[in-house]
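Examination of the molecular architecture
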Amino acid sequence: ETTIQGRTLACSPLLSMDQEGDEGMKGAGQATEVDYLRYEFTDYHGISRSKVVPTRRSEGRIRSEKLFVYGGVLGMTTTSEPVMLDDLLVDGCCRNVRLLPQWETFRVLPPNGKYKTGRVLCELGDLAGDGFLNAYPRTMCRRLLGELEDMGYSIKGAFEYEFTLGKMENGAFTPFFNDRPTFSTTVFAHCEELLYDLDRELQVMGIETNTFNLEYGKGQIEITIKPVFGIEIADQAFTFRTTVKEFFARKGLLATFVCRPLKDTKGASNGGHFNHSLWAKSSDSRSAFFNDGELSVVAHRWISGILKHSKGLEALFAPTLSCYNRVKPWSWAPVNASWGGENRTAAVRTKVDGEDGTYLECRAPSASASPYLVLAGVLAAGINGLRTTGPVELPPESQASAYEDETLKLPTSLGESLQALEEDADLVRSLGPRFVKWFKTVKEHKLSKDNVDEKHVDLDDLSLL
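Conventions and cut-offs
- Residues numbered from 1 in each chain as written.
- Predicted model: local features only at pLDDT ≥ 70, side-chain atom pairs only at ≥ 80, totals over all residues.
- Heavy atoms only, no water.
- Phe/Tyr/Trp six-rings, centres within 6.5 Å; stacked < 30°, edge-to-face > 60°.
- Lys NZ or Arg CZ within 6 Å of the ring centre and 35° of its normal.
- Core = buried A, V, L, I, M, F, W, Y, C linked by side-chain atoms within 4.5 Å.
- Buried < 20%, exposed > 50% of the residue type's maximum accessible area, 1.4 Å probe, protein only.
- Helix = DSSP H or I, 4+ residues; strand = E, 2+ residues; numbered from the N terminus.
- Contact = heavy atoms within 4.5 Å.
- Axes fitted to C-alpha atoms, helices over the stretch in contact; angles between N-to-C directions.
- Parallel < 35°, antiparallel > 145°, perpendicular 65-115°, else oblique.
- Left-handed = near helix turned anticlockwise from the far one by under 90°.
- Nonpolar A, V, L, I, M, F, W, Y, C, P; charged D, E, K, R; others polar.
- Pairing = 2+ DSSP bridges.
- Salt bridge = Lys/Arg side-chain N within 4 Å of Asp/Glu carboxyl O.

1. Re the packing of aromatic side chains
All told, the structure shown has 18 aromatic pairs when counted by the stated rule. Members of the aromatic cluster, connected to one another through ring pairs, are Phe159, Tyr161, Phe163, Phe240, Phe247, Phe248, Phe257 and Phe274. One Lys or Arg, Arg142, reaches over the ring of Phe132 and ends 4.8 Å from the middle of that ring. Stacked on the ring of Phe257, the Lys or Arg Arg241 has its end atom at 5.5 Å from the ring centre.

Laid out in C-alpha cells, this is it:
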C-alpha cells in the first residue's frame, strides 16, 4: 500500500505466479503463456508507451524482480522531446522509476503474425521507490475514484471518440474518403470490412462497441463503446485508441485522434465526449442522477462543479494546439460553461430517459485529450460540486443555442487554459500540485517551440495522437 494526499492505495506489484484467486493473480499467471509481454503505460498526452520483455527471460521478473523505465517519460512532448522536470533530476541525472504492473488489466493482444504477445497496463513508482507516483494519470484517477466511493458513489461511463482515417503520402495526410458523408451508407461501404475487422480486435481487448458511423469531416469516423465502471472507463478508452491506431497502421493506413488534422474549414473536429453517470454504492445500486423522471439534486451539484471549474478543466480537455480550432460557435463544441437537455451546443448535455438512460455528456474534451486526465478532471470538479452546501449554483439551463448564453467563457488558447488550471486552487489541490506543475511545464514547452501558434498541427502528432 502507499498513501497519496491522505488516501491509501492498494499496490498491485509484480505478483507471485504461485498465487491464485483474484483477477490480478490470474493475469500474472497468464503472462507466461505468451511469447512476449508488453508493459504498457500512458504519458500526459494519452500516448501509449511501453517496454517489451521476452517471456522466456521474464519469468523471474513476473515473479519478483523489478522493471524500470526512464523517469522523464512524463516530461516528454508528444514527439518525445524531453522536458527537464526538476523533481526528476538528481545531480543533473534523470532517475529511473519502477513500472508497477496492474495485473487485472492483462490481455493477450489480437493475433499478429506467428508471435503471441500479452499486454499489462502499468503505473509508475514514486521517486523514493516504495509506492506510486502521485502525479501519474492512472494513479490520480484511482485516488479520486476512492474519494468518490467514500462519498457513497461509483461512476459509470464511456468515451465517444471520433478519429480521422487516412494515409501519409509525400509528406501530406490524405483522408481515406473526401466526401462529407455523415451517416452515409454507401460511403461507409468503402471501409465497412475494415471496421468490422477492427471490431473483432476490440472484442479481444475486452471492449464492446456500441455503434459505428461516418461523421461530417473528410475521413472522419465515430465509434461508441458500451459503458463500464470505475478505472475501466479510462483503461478501455486508452486501449481503444491504441488498438485503433495499431490496427490501421498494420493496414498501411493512419488513424489519428488529432482534433483538426486537415486544413478543412468546413469539416468537423474530432471530439472525445465523455458520457457518464453516478450510481449509489448501496445494496440496490440505483442511479444517483435520476429522481422521479428528472435530474436529481446530486446530478445538479455534479454539473455545477464541472461548470465552475470549466476554465481550468479546458487545459485537460483541450491539451493540444489544434484543439482550439473547435472552440468557436457552431463547431459542435462548447464555448462557455453551459448546460442543457439534449443540447449539442452546451458544455454539458443532459439526457433523462429512465434510470439506465439518464447521464451527462461532457462535450468539451477533444479526441486528443488523455482519457485518464479527462476522467481525473471530471472527478475532481464533480466531487467539488458534491461537497458544496446550500442551494445549487447553476446558470440557467440552455433552451436554445448555448452559443448565445451569457455565461463563463471557455479559454480560446492553450496558454490561457494552462493559466486557468494553475489559478484554480480547488483543481490544483484535488489533482495535486506536482501534477499541475509538471503538466503545465510540458505543455508550455510545446507552446514555446511553436511560437504560440495556437492553431498549429504538427505532422508528427498525427501518427502519435
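There's plenty left to go through after this.
2. Focus on the nonpolar core
Of all hydrophobic cores here, the largest spans 116 residues; its most connected members are Leu124, Ile155, Phe248, Leu278, Trp302, Leu431 and Phe435. Sorting elements by how many residues they give to this core places helix H9 (residues 371-387) first, with 11 residues. When near neighbours in sequence (up to four residues on either side) are disregarded, Leu278 contacts Leu148, Tyr153, Ser154, Ile155, Ser287, Ala288, Phe289, Val298, Trp302 and Leu386. Residues Ile47, Phe173, Leu462 and Leu465 belong to the second largest nonpolar core, which totals 7 residues.

3. Topic: the environment of Gly354
Relative to the helices and strands, Gly354 resides in the loop between strand S21 (348-351) and strand S22 (359-362). Placed 61 residues apart in sequence, Gly354 and Gly293 show a C-alpha to C-alpha distance of 6.6 Å.

4. Looking at the packing of helix H7 (residues 297-308) against H9
Running from amino to carboxyl end, H7 crosses H9 at an angle of 125°, the nearest separation of the two axes being 7 Å. As judged from the angle between their axes, H7 and H9 are oblique. Along this stretch, H7 crosses H9, giving a crossing that reads as right-handed. Where H7 abuts H9, its residues Val298, Arg301, Trp302, Ser304, Gly305, Ile306 and Lys308 lie against Val378, Leu379, Ala381, Gly382, Ile383, Asn384, Gly385 and Leu386. Among the residues making up the contact of H7 with H9, the classes are represented as 8 nonpolar, 5 polar and 2 charged.

5. Some thoughts on the pairing of strand S3 (residues 36-42)
Counting buried residues along S3, 6 of its 7 residues qualify, which places the element largely inside the surrounding structure. Pairing between S3 and strand S4 (residues 48-54): 7 bridges, direction antiparallel. Counterpart to Phe41 in the pairing with S4 is Arg49. Linking S3 back to S4 in an antiparallel pair, the connection comprises 5 residues, with Gly46 at a positive phi of about 80°. Pairing between S3 and strand S10 (residues 117-124): 5 bridges, direction parallel. Residue pairing for S10: Tyr36 is matched across the bridge by Thr117.

6. Points about the pattern of salt bridges
Evaluated as defined, the whole model comprises 19 salt bridges. Among the salt bridges present, the one from Glu342 reaches Arg349, with a minimum N-O distance of 2.6 Å. Residue classification places Arg349 among the buried positions, given a relative accessible area of 5%. We note a salt bridge from Lys440 to Glu422, for which the minimum N-O separation is 3.6 Å. Of the two residues, Lys440 is situated in helix H12 (residues 433-449) and Glu422 in helix H10 (residues 414-423); the sequence distance between them amounts to 18 residues. Its relative accessible area of 47% is what places Glu422 among the partly exposed residues.

7. Describing the packing of helix H8 (residues 310-317) against H9
Viewed as axis vectors pointing N to C, H8 and H9 meet at an angle of 165°, and their least axial separation amounts to 9 Å. The angle between H8 and H9 places the two elements in the roughly antiparallel class. Relative to H9, H8 is oriented so that their crossing is right-handed. Along the contact surface, H8 presents Leu313, Leu316 and Phe317, while H9 presents Leu373, Val374, Gly377, Val378 and Ala381. Taken together, the residues of the contact of H8 with H9 sort by class into 7 nonpolar, 1 polar and no charged.

8. Brief notes about the environment of Val69
You can see Val69 is positioned in strand S5 (residues 68-70). By relative accessible area, Val69 is classed as buried at 8%. Put simply, Val69 and Lys51 are 18 residues apart on the chain and 8.0 Å apart in space, counted from C-alpha to C-alpha. Aside from chain neighbours lying at most four places away, what touches Val69 is Phe41, Lys51, Asn96, Val97, Leu99 and Leu124.

9. Some remarks on unusual backbone geometry
The phi torsion at Ser80 lies on the positive side, around 70°, for a residue other than glycine. Mapped onto the fold, Ser80 is located in the loop between S5 and strand S6 (89-90). Note on Ser80: relative accessible area 33%, which makes it partly exposed. Even without being glycine, Glu342 reaches a positive phi, approximately 50°. Within the secondary structure layout, Glu342 lies in the loop between strand S20 (339-341) and S21.

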